[in-house]
Amino acid sequence: MAIETEARWVPIAVSCDILDGTVIPARLPTGPIAVWRSASGSLYANGDRCPHRGMRLSQGFVRGETLSCIYHGWRFGADGACQKIPAHPKVSPPKTINCGPLPVTEANGVVWGAATSPVDAPDQFVGHDALRSLVVAASTDAIASACEGEWVGEAIAVTLGGQNTILLLNPYGPAEVLVIALVPRGLTAPDLVRVSTALEALRRSAEAVGEAA
Ligand code: FES
């Protein structure tokens, strides 16, 4: 995959899917990342590779305000620096051991990440909140074609389940896209179910479009 150096925000997860004290895997165009929320609720992201022996940090665990690797327990802080090496408790880890902190922020109930710090804030969708995410095995063009929506920058505006819905897109590859649906704030539970059901139908249609192409 080509290395992207452009500093732009990419939608990577739904905020409520990352509880306090947990870590999840996510992806930027530059590659896999680990996104974690500390016990106090602060959000962080870093490369998904432990600088020790390359274990995926997204398979680790959060302790207080630090992220620990599942393999040998090296512990990393908010700045990515290694704070503790359990096998050598009297050693202060050199500052060169760092898991590479990445910019991350939240807006509209969406977690946005970037490879390098963008100048501007992520796109704002006033009055909308994230409903859910799903991965579609199709291209962004197939998704747009299947829903007959309108491009709004890098997102698609479409009516799903009778609601004005915004689809944020994070292409994982030519035929795999993370889609995060934003819906108007304050919808009832039945409305949310209708949108979610329509989103699943859209996934099937987009994947059928991709297969037929
Ligand atoms: S591989 Fe992560 S601590 Fe060893």
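Each value, and the rule that gives it
- Residues numbered from 1 in each chain as written.
- Predicted model: local features only at pLDDT ≥ 70, side-chain atom pairs only at ≥ 80, totals over all residues.
- Heavy atoms only, no water.
- Pairing = 2+ DSSP bridges.
- Helix = DSSP H or I, 4+ residues; strand = E, 2+ residues; numbered from the N terminus.
- Axes fitted to C-alpha atoms, helices over the stretch in contact; angles between N-to-C directions.
- Patch = residues over 30% accessible without salt bridge, like charges linked within 9 Å, V, L, I, M, F, W, Y side chains within 5 Å.
- Areas by Shrake-Rupley, 256 points an atom, 1.4 Å probe, with all protein chains shown as cover.
- Salt bridge = Lys/Arg side-chain N within 4 Å of Asp/Glu carboxyl O.
- Core = buried A, V, L, I, M, F, W, Y, C linked by side-chain atoms within 4.5 Å.
- Buried < 20%, exposed > 50% of the residue type's maximum accessible area, 1.4 Å probe, protein only.
- Contact = heavy atoms within 4.5 Å.

**Remarks on the sheet that holds strand β15 (residues 163–173)**
Part 1 of the argument: With respect to topology, five strands assemble into an open sheet ordered β12-β16-β15-β14-β13, the strand pairing being antiparallel. Looking at strand neighbours, the two that pair on one side only are β12 (128–136) and β13 (150–152), the edges of this open sheet. Strand-to-strand twist across the sheet, computed as the mean angle between neighbouring axes with direction ignored, equals 30°.
Part 2 of the argument: In this sheet, strand β16 (residues 176–184) lies alongside β15 in antiparallel orientation, the contact comprising seven bridges.

**Thoughts on a nonpolar patch on the surface**
Part 1 of the argument: On the surface, Phe61, Ile70 and Tyr71 cluster together into a nonpolar patch covering about 290 Å² of accessible area.
Part 2 of the argument: Along the chain, Tyr71 falls in the loop between β6 (66–68) and β7 (75–76).

**Digging into the nonpolar core**
Part 1 of the argument: One finds Val136, Ile143, Ile156, Leu160, Leu167, Val179 and Leu199 to be the most contacted residues of the largest nonpolar core, which totals 22 residues.
Part 2 of the argument: Put simply, the parts of the chain that give this core at least two residues each are β12, α1 (140–147), β14 (155–160), β15, β16 and α2 (189–212).
Part 3 of the argument: Considering every element that reaches this core, the biggest residue donor is α2, with five residues.
Part 4 of the argument: The residues contacting Ile156, other than those within four sequence positions of it, are Ile143, Ala144, Cys147, Gly149, Glu150, Trp151, Thr165, Ile166, Leu167 and Leu169.

**So, the sheet that holds β7**
Strand pairing within a sheet occurs via backbone hydrogen bonds; the two strands may be parallel or antiparallel.
Part 1 of the argument: If you walk across this open sheet you meet the four strands as β5-β6-β7-β8, and the pairing is antiparallel. Of all the strands in the sheet, the pair left with one neighbour each is β5 (61–63) and β8 (82–84).
Part 2 of the argument: Pairing between β5 and β6: three bridges, direction antiparallel. Within β6, the position partnered with Phe61 by the bridge is Ser68.

**Regarding unusual backbone geometry**
Part 1 of the argument: Even without a glycine there, the phi angle at Asn108 is positive, about 55°.
Part 2 of the argument: Along the chain, Asn108 falls in the loop between β10 (104–107) and β11 (110–113).
Part 3 of the argument: Judged by relative accessible area, Asn108 falls into the buried class, the value being 12%.
Part 4 of the argument: Of note, the phi angle at Glu148 is positive, near 50°, even though the residue is not glycine.
Part 5 of the argument: One can find Glu148 in the loop between α1 and β13.

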